[in-house]
Each structure stands twice: as C-alpha cells, then as structure tokens.
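Secondary and tertiary structure notes
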2 protein chains.
Amino acid sequence: MSDNDVFLADCPARTTLRLIADAWSVVVVYGLGQGPLRYSELAGRIGGISNKVLTQTLRRLERGGLVERRPLATAPPGAEYRLTPLGRSLLDPVSVLARWAEDHADELGGDD
Amino acid sequence: MSDNDVFLADCPARTTLRLIADAWSVVVVYGLGQGPLRYSELAGRIGGISNKVLTQTLRRLERGGLVERRPLATAPPGAEYRLTPLGRSLLDPVSVLARWAEDHADELGGDD
C-alpha cells in the first residue's frame, strides 16, 4: 500500500507524473514497445523530433529507470535502447493514452 | 478508421497528445473525474498548482472540448468546471496513467 497521491504537490507520484505524462516520453516509450531500437531507428520512427529533444527524453527515461542503453560491439560503436521491466509496465498505460489520441484527435478543438 | 498516428509529426494525434500527455492536464482531468467542481474547489484539491497554471490548463482543456465551464447563478457569480462527454472518455486512460504514477513512484530513479 502506498500513500502516493498525484494530487499532493511534493509527492513522488507528482514527480513521476511529470516524467511520464509528457508527449515525448509517451511517444518514445510507445516507440520502444516492439523491442530494442538503435538511436537512429528510434529517431527515424518518431517524426519531427530533434536530436536534442530525443537525447534529453532518453536521458530522463534512463535516469528514471524506464529505459536502458546498451552499447553494441559494432564498428563504428553503436548503442540500442530498450524498455526496462519497469518501462514495460508503463507500456500499457502509455499505449492506451496514445491510442486515445489517435482515435479522438479529429474530435478535439483547435489548440491555437 | 483513422490514419492518425502519434509517430507522425504533423498529425492531429500528435497535437492531441501534447494536450493530454501533460502532467497538469492529467491531474485536472483526474480531479474532475468525480463530478463538477468550482475553480476554488479544484484548486484546493490539486496541491501546488498556481492560479496561472490552473487557469491556462483549464483554458486549453476547454478549447480542446474536454472541459466545460458553466456559470453559476450565485452571488458573487461563480462557475463550475466539468468534463464533457469527450473529456469523460479520457478519464479511463488518464486514471490508469495517474495510478501507475502512484503505484510505481517509489521505484523510479531521481529526476535531478
């Protein structure tokens, strides 16, 4: 049992929500849902993400323990990114949210 | 059937995700899940949210058609906020995400 509550300002749940309830975090976690990808593969899959934003998002997810970076013994050296078990447990909630966005985007009013 | 895809940069699904995959949007939608609330009640429920951020979040959700503002015939004049049918359809995905944050916050690495 946990006293974590997203309605409380200083609660770890609020900090966690700031990490996971972020459009780029959702797209990256969702994008890694089929299995590990190299950085360039992930960048290619996510349209319109800059290297800076993708790198920052991956680092935040790594620090949170949701994504793992594995060096690959290739020439030139590469790395792949994969969801950790904790990250995989987030895949369902994130997929539900992403699918809601896909299913209801046309019903939403303009954001400008 | 929809061609909306959160992986596509210019797709309405991406715009939608930016609106809904936001920590404040999640907390506000989740907070309205039990029924309509006045502004002050909502502000009281959500710890650590400034009036500026709450007002901006409510306006974005109103523009998106997820939240409705209803003037109340009270003295002094007040208003209450409620989820629209579209907003209520978002309640399940958002609740799943918020509960994941509450359940797993203690497992996450630091964000600093």
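Just so we're clear, the structure is a prediction, and the values are computed from it rather than from any experiment. (Residues numbered from 1 in each chain as written. Chains lettered and ligands numbered in written order. Predicted model: local features only at pLDDT ≥ 70, side-chain atom pairs only at ≥ 80, totals over all residues. Heavy atoms only, no water.)

1. Notes on the overall build of chain A
Counting secondary structure elements, chain A contains six helices and three strands. The secondary structure elements of chain A, listed N-terminal to C-terminal, are α-α-β-α-α-β-β-α-α. Seen through its C-alpha atoms, chain A measures out along the principal axes to roughly 50 × 40 × 25 Å. Within chain A, buried positions represent 46% of all 112 residues. Contacts in chain A between residues at least 24 apart in sequence constitute 43% of all its contacts with a sequence separation of at least 6. A total of about 5,600 Å² of accessible surface is found on chain A, and carbon and sulfur atoms cover 48% of it. Measuring between centres, the 13 positive side-chain charges of chain A sit 11 Å from its 15 negative side-chain charges. (Helix = DSSP H or I, 4+ residues; strand = E, 2+ residues; numbered from the N terminus. Buried < 20%, exposed > 50% of the residue type's maximum accessible area, 1.4 Å probe, protein only. Contact = heavy atoms within 4.5 Å. Areas by Shrake-Rupley, 256 points an atom, 1.4 Å probe, with all protein chains shown as cover. Lys, Arg positive; Asp, Glu negative; His and termini not counted. Charge placed at Lys NZ, Arg CZ, Asp CG, Glu CD.)

2. Notes on unusual backbone geometry
Cis geometry is found at the peptide bond from A:Ala75 to A:Pro76, where omega equals -5 degrees. Within the fold, A:Pro76 resides in the loop between β2 (67-72) and β3 (78-83).

3. Considerations on the interface of chain B and chain A
At the junction of the two partners, chain B supplies 51 residues and chain A supplies 51 residues. A combined buried area of about 4,400 Å² lies between chain B and chain A, and 68% of that area is made up of carbon and sulfur atoms. Considering only the side of chain B, the residues that lose the most area to chain A are B:Phe7, B:Leu97 and B:Trp100, jointly responsible for 17% of the buried surface there. Summed over the shared surface of chain B and chain A, the result is zero salt bridges. Applying the counting rule to chain B against chain A returns 18 residue pairs in polar contact (both at pLDDT 80 or more). At the level of secondary structure, the elements contributing two or more residues to the side of chain B that touches chain A comprise α1 (12-20), α2 (23-31), α4 (51-63) and α5 (85-104) of chain B. Broken down by element, the side of chain B that touches chain A gets its largest block of residues, 12 residues, from α5(B). Here the residues of the side of chain B that touches chain A sort into 27 nonpolar, 12 polar and 12 charged. (Buried area = accessible area lost by both parts, 1.4 Å probe. Salt bridge = Lys/Arg side-chain N within 4 Å of Asp/Glu carboxyl O. Polar contact = N/O pair within 3.5 Å; in protein donor to acceptor, adjacent residues only side chain to side chain. Nonpolar A, V, L, I, M, F, W, Y, C, P; charged D, E, K, R; others polar.)

4. Details of the pattern of salt bridges
Residue and element names in this part refer to chain B. According to the stated counting rule, one finds four salt bridges over all chains in the structure shown. The salt bridge involving Glu 68 is made with Arg 70; its shortest N-O contact spans 3.8 Å. The residue Arg 82 makes a salt bridge to Glu 80 at a minimum N-O spacing of 2.9 Å. Taking relative accessible area as the criterion, Arg 82 reaches 23% and is therefore assigned partly exposed.

5. Points about the nonpolar core
The biggest cluster of nonpolar side chains holds 72 residues, and the ones touching the most others in it are A:Leu17, A:Ile20, A:Leu66, B:Leu17, B:Ile20 and B:Leu66. Of the residues forming this core, the biggest block, eight residues, is contributed by α5(B). Not counting residues within four places of it along the chain, the set of residues in contact with A:Leu17 comprises A:Val6, B:Ala23, B:Val26, B:Val27, B:Leu97, B:Ala98 and B:Ala101. (Core = buried A, V, L, I, M, F, W, Y, C linked by side-chain atoms within 4.5 Å.)

6. What about the packing of helix α2 (residues 23-31) of chain A against α1(B)?
Across the interface, α2(A) lies against α1(B) with an axial gap of 8 Å and an inter-helix angle of 120 degrees. By the angle between their axes, α2(A) is oblique relative to α1(B). Contacts from A:Ala23, A:Trp24, A:Val26 and A:Val27 in α2(A) reach B:Arg14, B:Leu17 and B:Arg18 in α1(B). Looking at side-chain class alone, the contact of α2(A) with α1(B) contains five nonpolar, no polar and two charged residues. (Axes fitted to C-alpha atoms, helices over the stretch in contact; angles between N-to-C directions. Parallel < 35°, antiparallel > 145°, perpendicular 65-115°, else oblique.)

7. Describing the UniProt feature "domain: HTH hxlR-type" (unreviewed entry) in chain A
In the UniProt entry, the feature "domain: HTH hxlR-type" (unreviewed entry) is given for residues 11-109 of chain A. For residues 11-109 of chain A, helix accounts for 58% and strand for 14%, while the C-alpha atoms at its two ends are 32 Å apart. (UniProt positions renumbered as here; feature names shortened; annotations may be inferred.)

8. Some points on the pairing of β3(A)
All names here are of chain A. Of the pairings in the sheet, the one linking strand β1 (residues 37-38) to β3 comprises two bridges and is antiparallel in character. Considered in β3, the bridge of Leu 37 is made with Tyr 81. In this structure, β2 lies alongside β3, joined through six bridges in antiparallel fashion. Bridging across to β3, Val 67 finds its partner in Leu 83. Linking β2 back to β3 in an antiparallel pair, the connection comprises five residues. (Pairing = 2+ DSSP bridges.)

9. A closer look at the relation of the copies chain B and chain A
Least-squares fitting of chain B to chain A yields an RMSD of 0.0 Å, with the superposition described by an axial translation of 0.0 Å and a rotation of 180 degrees. The superposition operator between the copies reduces to a two-fold rotation axis. An overlap of 100% is found between the interface residues of chain B and their copies at the interface of chain A, pointing to a shared contact surface. (Least-squares fit on C-alpha atoms with pLDDT ≥ 70 in both.)

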